[in-house]
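What the coordinates show
What follows is each chain in one-letter form.
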Amino acid sequence: MYEINRSVITLIPQEAFWAWLQTLPDTELEDFELEDLQEDANAYLIKPCEDMDQAWDEIMANLEQLFSAELADWCEEPEYWPDLHPDIFGEWFEVRLSTVLTDLCARDIERNAFDPIVLDPDA
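Right, let's walk through the structure included here. No experiment lies behind these values; they were computed from the predicted model shown.

**Considerations on the nonpolar core**
Considering soluble globular proteins, one finds that nonpolar side chains tend to be buried as a cluster. Among the nonpolar cores identified, the biggest contains 27 residues, and Ile9, Phe17, Trp20, Leu21 and Phe89 are the most heavily contacted of them. Residue assignment for this core shows that the elements contributing at least two residues are strand S2 (7-13), helix H1 (15-23), helix H2 (34-39), strand S3 (42-46), helix H3 (52-61), helix H4 (63-72), helix H5 (86-92) and strand S4 (93-98). When residues of this core are assigned to their parent elements, the largest contribution, 6 residues, is made by H4. Contacts of Trp20, omitting those with residues within four sequence positions, involve Leu71, Trp74, Cys75, Tyr80, Trp81, Pro82 and Trp92.

As structure tokens, then:
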């Protein structure tokens, strides 16, 4: 076992996120419930944090990237997105923090570059 120098946040979708999903055109949700999203929520590695205050500092420093990644999983068209504001983020996601990350696998960690969505293609 190896302790990794990161903490983990998990973004648990809430009712407001679910309500937004239901407004999206061409999104098939008939066999899907909010609980399904919550059971397999996205997790993100962040700098090591001792408490939730430090985790929120990391979230705020990366808010647009985190929020965009969550929205783009369902809709890559920013015109359907809400304002990427911390208050909206706080309504749409419960944040759970794990301050210690332990690797039980003997294999090396592989990293693949994440291609973020470009919000303004003319920039």
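**Some thoughts on the sheet that holds S3**
Taken in spatial order, the 3 strands line up as S3-S2-S4 in an open sheet, and their pairing is antiparallel. Each of the sheet's edge strands pairs with one partner strand only, and the pair in question is S3 and S4. On average, each strand axis in the sheet is inclined to that of its neighbour by 25°, with strand direction left out of account. In this sheet, S4 lies alongside S2 in antiparallel orientation, the contact comprising 6 bridges. Looking at S4, one finds that Thr10 is bridged to Arg96. Against the sheet, H3 contacts S2, S3 and S4, and its axis sits at roughly 120° relative to S4. H4 rests against S2, S3 and S4 of the sheet, and its axis sits at about 160° to S3.

**Observations regarding the side chain of Ser7**
Residue position: Ser7 is located in strand S2. Judged by relative accessible area, Ser7 falls into the buried class, the value being 0%. A distance of 2.8 Å separates the side chain of Ser7 from the backbone nitrogen of Cys49, its partner in a polar contact. At 3.2 Å, the side chain of Ser7 and the backbone oxygen of Thr99 are in polar contact.

**Overview of the pattern of salt bridges**
Inspection of every chain in the model, using the stated rule, returns 1 salt bridge. The residue Glu94 makes a salt bridge to Arg96 at a minimum N-O spacing of 2.9 Å. Look at Glu94 and you get partly exposed, because its relative accessible area is 33%. Using a relative accessible area of 44% as the deciding quantity, one classes Arg96 as partly exposed.

**Quick look at the packing of aromatic side chains**
The full count for this structure, using the stated rule, is 10 aromatic pairs. Seen in terms of ring centroids, Phe17 and Trp92 are 5.8 Å apart; in terms of plane orientation they differ by 75°. Their pairing is edge-to-face. Remark: Trp92 occurs in helix H5 and Phe17 occurs in helix H1; sequence separation between them is 75 residues. Taken individually, Phe17 and Trp92 each receive the classification buried, so the pair is uniform in this respect. With a centroid separation of 5.4 Å and 75° between ring planes, the pair formed by Phe67 and Phe89 is classed as edge-to-face. Highlighted residues: Phe67 in helix H4 and Phe89 in helix H5, separated in sequence by 22 residues.

The rules behind each value
- Residues numbered from 1 in each chain as written.
- Predicted model: local features only at pLDDT ≥ 70, side-chain atom pairs only at ≥ 80, totals over all residues.
- Heavy atoms only, no water.
- Core = buried A, V, L, I, M, F, W, Y, C linked by side-chain atoms within 4.5 Å.
- Buried < 20%, exposed > 50% of the residue type's maximum accessible area, 1.4 Å probe, protein only.
- Helix = DSSP H or I, 4+ residues; strand = E, 2+ residues; numbered from the N terminus.
- Contact = heavy atoms within 4.5 Å.
- Pairing = 2+ DSSP bridges.
- Axes fitted to C-alpha atoms, helices over the stretch in contact; angles between N-to-C directions.
- Polar contact = N/O pair within 3.5 Å; in protein donor to acceptor, adjacent residues only side chain to side chain.
- Salt bridge = Lys/Arg side-chain N within 4 Å of Asp/Glu carboxyl O.
- Phe/Tyr/Trp six-rings, centres within 6.5 Å; stacked < 30°, edge-to-face > 60°.

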